Amino acid sequence: MQVLMESVNLSDTTLGAPGRERATEYLKVLRYLEHHREPATNLRAWAVSHNWHPKAADELEKLATKTFGTAGKPRDLSAETVQRLKGRWT
């Protein structure tokens, strides 16, 4: 999530299209790797505690709820994409 925070403009009240796309991509990777144990409300709380605007944090919570609420691994996410993004996290 720290990598996501670095790619979001914290001065905006909303995520904006690029931020929303990036957040969705990272959340899908977490789901793909089966690391989505954290409730969406906790992700929102984390975002607010890291100086996200509350409305942007609300958007993150909604994206997480939607992304984590589906069954199985994301079909639109390749193993190569997962490995590339996972590599940025380490």
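Residues numbered from 1 in each chain as written. Predicted model: local features only at pLDDT ≥ 70, side-chain atom pairs only at ≥ 80, totals over all residues. Heavy atoms only, no water.

Helix α4 (residues 54-68) packs onto helix α3 (residues 40-49) with a crossing angle of 155° between their chain directions and a minimal axis gap of 8 Å. On the basis of their axis angle, the class for α3 and α4 is roughly antiparallel. Seen along the crossing, α3 lies across α4 with a hand that is right-handed. Each of Ala-40, Thr-41, Leu-43, Arg-44, Ala-47 and Val-48 in α3 lies in contact with α4, whose residues at this interface are Pro-54, Ala-57, Asp-58, Leu-60, Glu-61, Ala-64, Thr-65 and Phe-68. Residue composition of the contact of α3 with α4, grouped by class: 9 nonpolar, 2 polar and 3 charged. (Axes fitted to C-alpha atoms, helices over the stretch in contact; angles between N-to-C directions. Helix = DSSP H or I, 4+ residues; strand = E, 2+ residues; numbered from the N terminus. Parallel < 35°, antiparallel > 145°, perpendicular 65-115°, else oblique. Left-handed = near helix turned anticlockwise from the far one by under 90°. Contact = heavy atoms within 4.5 Å. Nonpolar A, V, L, I, M, F, W, Y, C, P; charged D, E, K, R; others polar.)

For α4, built from 15 residues, the straight-helix expectation of 21 Å at 1.5 Å per residue is met to within 8% by its first-to-last C-alpha distance of 21 Å. Listed in full, the buried residues belonging to α4 are Ala-56, Ala-57, Glu-59, Leu-60, Glu-61, Leu-63, Ala-64, Thr-67 and Phe-68. (Expected span 1.5 Å × (residues − 1). Buried < 20%, exposed > 50% of the residue type's maximum accessible area, 1.4 Å probe, protein only.)

It is worth spelling out the pattern of salt bridges at this point. Counted under the stated rule, the structure contains 3 salt bridges. A salt bridge links Arg-20 to Glu-59, with the shortest nitrogen-to-oxygen separation between them at 3.0 Å. Remark: Glu-59 occurs in helix α4 and Arg-20 occurs in helix α2 (residues 16-32); sequence separation between them is 39 residues. A salt bridge links Glu-61 to Arg-44; its shortest N-O distance comes to 4.0 Å. A residue pair is termed long-range when its members are at least 10 positions apart, and Glu-61 in helix α4 and Arg-44 in helix α3 qualify at 17 residues. Residues joined by salt bridges that share partners form a network here, namely Arg-44, Asp-58 and Glu-61. (Salt bridge = Lys/Arg side-chain N within 4 Å of Asp/Glu carboxyl O.)

So, about the environment of Ala-71. By the element assignment, Ala-71 lies in the loop between α4 and α5 (79-89). A sequence separation of 40 residues divides Ala-71 from Arg-31, and the C-alpha atoms of the two residues are 9.4 Å apart.

Leu-4, Leu-15, Leu-27, Trp-52 and Leu-60 are the most contacted members of the largest nonpolar core, which totals 22 residues. Secondary structure elements with two or more residues in this core: α2, α3, α4 and α5. Residue contributions to this core peak at 6 residues, all from α4. Ignoring anything within four residues of it in the chain, the contact list for Leu-27 reads Leu-43, Leu-60, Leu-63, Ala-64, Thr-67 and Phe-68. (Core = buried A, V, L, I, M, F, W, Y, C linked by side-chain atoms within 4.5 Å.)

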